[in-house]
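Listed here are the chains, written in short residue letters.
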Amino acid sequence: MRGDRVGVLSVTLDGGEASRQCEPELLEIADVLGREVIVAERDTDLYLQARRKDRLTLAAEMQWQLLPGCACTRPEFALGAQLEPAYDIFGDNFDWAATADRLTLYVTNGMGEGIEAALLTNLAINALRNARRASIPIADQAALADQAVYAHYRGRCYLSVLMFDFDLATGRAVVVDAGSPQLLRLRGGTVERIAFDAQLPLGMFEETDYVAQDFHVEPGDRLVFVSDGVHAVASPKGEAYGEAALARAIHSTRLLPAAEVPRAILRELTGHRGEAAADDDALVVCLDWRGRPTGGGAAGVPL
């Protein structure tokens, strides 16, 4: 569904030429079925229960309800994201929204764990969405969310966020970097970390002003966003995963589609961590930038 893998449709046929001729019809059925499943999830828990092999913690339930999906595909870009551990997550989260002309992306890391982290993330994400849906510029979105978090927690809890607002026609973006999530870019076979002007996390102090920076992506760029549960995770010997290991993982997964990259990087991260249980959640978001097709107008968002 728009690049998000909902499930697998398995059909047994008699074989032969007639079976091969059924393929276009089966693809159409699968597409319709995927849409029906998404709509049906509003009214039943059946499909959510079928995906689970264990019970989620209450904090994880709250966090997963915030997520927009695990992948999204448009002519201009392809997005994929993965958050682990699935059944007991802390404060990491991601959010995105696309219109015919713009893509807005947030990668967040809330302090704390359990219910407190989930409540903090819910407050911040919904404050950001509320501002975004009012067509407020991204720097002011950060300021309003900062005020909402500070008004409730008075500086006791805060949330890091990396925010992007892309123009789909040009690849130009404005960015607010307020905390620990990091961005690495793969361009022309070279991986490099992109650093922005660091600003205060949301809710740390009262009435913080945020300033947006300019950023530009080119067709063929791959952007990989990671939380501190990725770049700071330690091996059994105490060695941090770090930027060099991340660059190797990004390079080794360069031929995978965006939707598969986060899962592959997190598998490598598990190997680095060893058998020790994760003491923080890990978030990876991958964005492949294609650019608007030459001569094409704005690609409408399907309803």
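Residues numbered from 1 in each chain as written. Predicted model: local features only at pLDDT ≥ 70, side-chain atom pairs only at ≥ 80, totals over all residues. Heavy atoms only, no water.

**Q** Could you give an account of the overall build of the protein, naming the residues involved and the relevant values?
**A** Assigned secondary structure in the protein consists of nine helices and eleven strands. By the compact-globule yardstick of 19 Å for 303 residues, the protein fits well, its C-alpha radius of gyration being 20 Å. Summarising its shape, the C-alpha atoms of the protein cover approximately 70 × 50 × 45 Å along the three principal directions. Counting every position in the protein, which comprises 303 residues, the buried fraction comes to 44%. At a minimum sequence separation of 6, the contacts of the protein that also span at least 24 residues come to 71%. Within the protein, the 44 negative side-chain charges are centred at a point lying 3 Å from the centre of the 29 positive side-chain charges. (Helix = DSSP H or I, 4+ residues; strand = E, 2+ residues; numbered from the N terminus. Rg over C-alpha atoms; globule rule 2.2 N^0.38 Å. Buried < 20%, exposed > 50% of the residue type's maximum accessible area, 1.4 Å probe, protein only. Contact = heavy atoms within 4.5 Å. Lys, Arg positive; Asp, Glu negative; His and termini not counted. Charge placed at Lys NZ, Arg CZ, Asp CG, Glu CD.)

**Q** I'd like a description of the sheet that holds strand E8 (residues 190-194), backed by residues and values.
**A** Taken in spatial order, the six strands of this open sheet run E1-E2-E11-E10-E7-E8, and their pairing is antiparallel. Both outer strands of the open sheet, strand E1 (71-73) and E8, are each paired with one neighbouring strand and no more. Strand-to-strand twist across the sheet, computed as the mean angle between neighbouring axes with direction ignored, equals 15 degrees. Of the strand pairs in this sheet, E1 and strand E2 (residues 77-84) are connected by three bridges, and their pairing is antiparallel. Within E2, the residue paired with Thr73 across the bridge is Ala78. Of the strands in this sheet, strand E7 (182-187), E8 and strand E10 (222-226) are in contact with helix H8 (residues 242-252), which crosses E7 at around 45 degrees. Its contacts with the sheet place helix H9 (residues 261-273) against E2, E10 and strand E11 (282-289), and it is angled at close to 140 degrees to E11. (Pairing = 2+ DSSP bridges. Axes fitted to C-alpha atoms, helices over the stretch in contact; angles between N-to-C directions.)

**Q** Tell me what's going on with H8, and back it up with residues and numbers.
**A** Gly242, Ala245, Leu246, Ala247, Ala249 and Ile250 are the residues of H8 that are buried. On the buried face of H8, the contacting elements are E7, E8, E10, helix H7 (228-231) and H9.

**Q** Outline the packing of helix H5 (residues 114-133) against helix H6 (residues 138-153), listing residues and values.
**A** For any two helices packed against each other, the geometry comes down to the angle between their axes and how far apart the axes lie. Where H5 contacts H6, the axes come no closer than 8 Å and their chain directions differ by 145 degrees. Between H5 and H6 lies a crossing whose hand is right-handed. Between H5 and H6, the residues in contact are Glu116, Leu119, Leu120, Leu123, Ala124, Ala127, Leu128, Ala131 and Arg132 and Gln141, Ala142, Leu144, Ala145, Ala148, Val149, His152 and Tyr153, respectively. The residue inventory of the contact of H5 with H6, partitioned by class, reads 13 nonpolar, two polar and two charged. (Left-handed = near helix turned anticlockwise from the far one by under 90°. Nonpolar A, V, L, I, M, F, W, Y, C, P; charged D, E, K, R; others polar.)

**Q** Account for the packing of aromatic side chains, with residues named and values stated.
**A** Tallying each qualifying case throughout the model produces seven aromatic pairs. Here Phe164 and Phe215 contribute two aromatic rings whose centre-to-centre distance is 5.8 Å and whose plane-to-plane angle is 75 degrees, an arrangement assigned as edge-to-face. Remark: Phe215 occurs in strand E9 (residues 213-216) and Phe164 occurs in strand E5 (residues 159-167); sequence separation between them is 51 residues. Overall, Phe164 belongs to the buried group, its relative accessible area being 0%. With relative accessibility at 9%, the residue Phe215 sits in the buried group. What links up through ring pairs into an aromatic cluster is the set Phe164, Phe166, Phe196, Phe215, Phe225 and Trp289. (Phe/Tyr/Trp six-rings, centres within 6.5 Å; stacked < 30°, edge-to-face > 60°.)

Keep in mind these numbers describe shape, not what the thing actually does.
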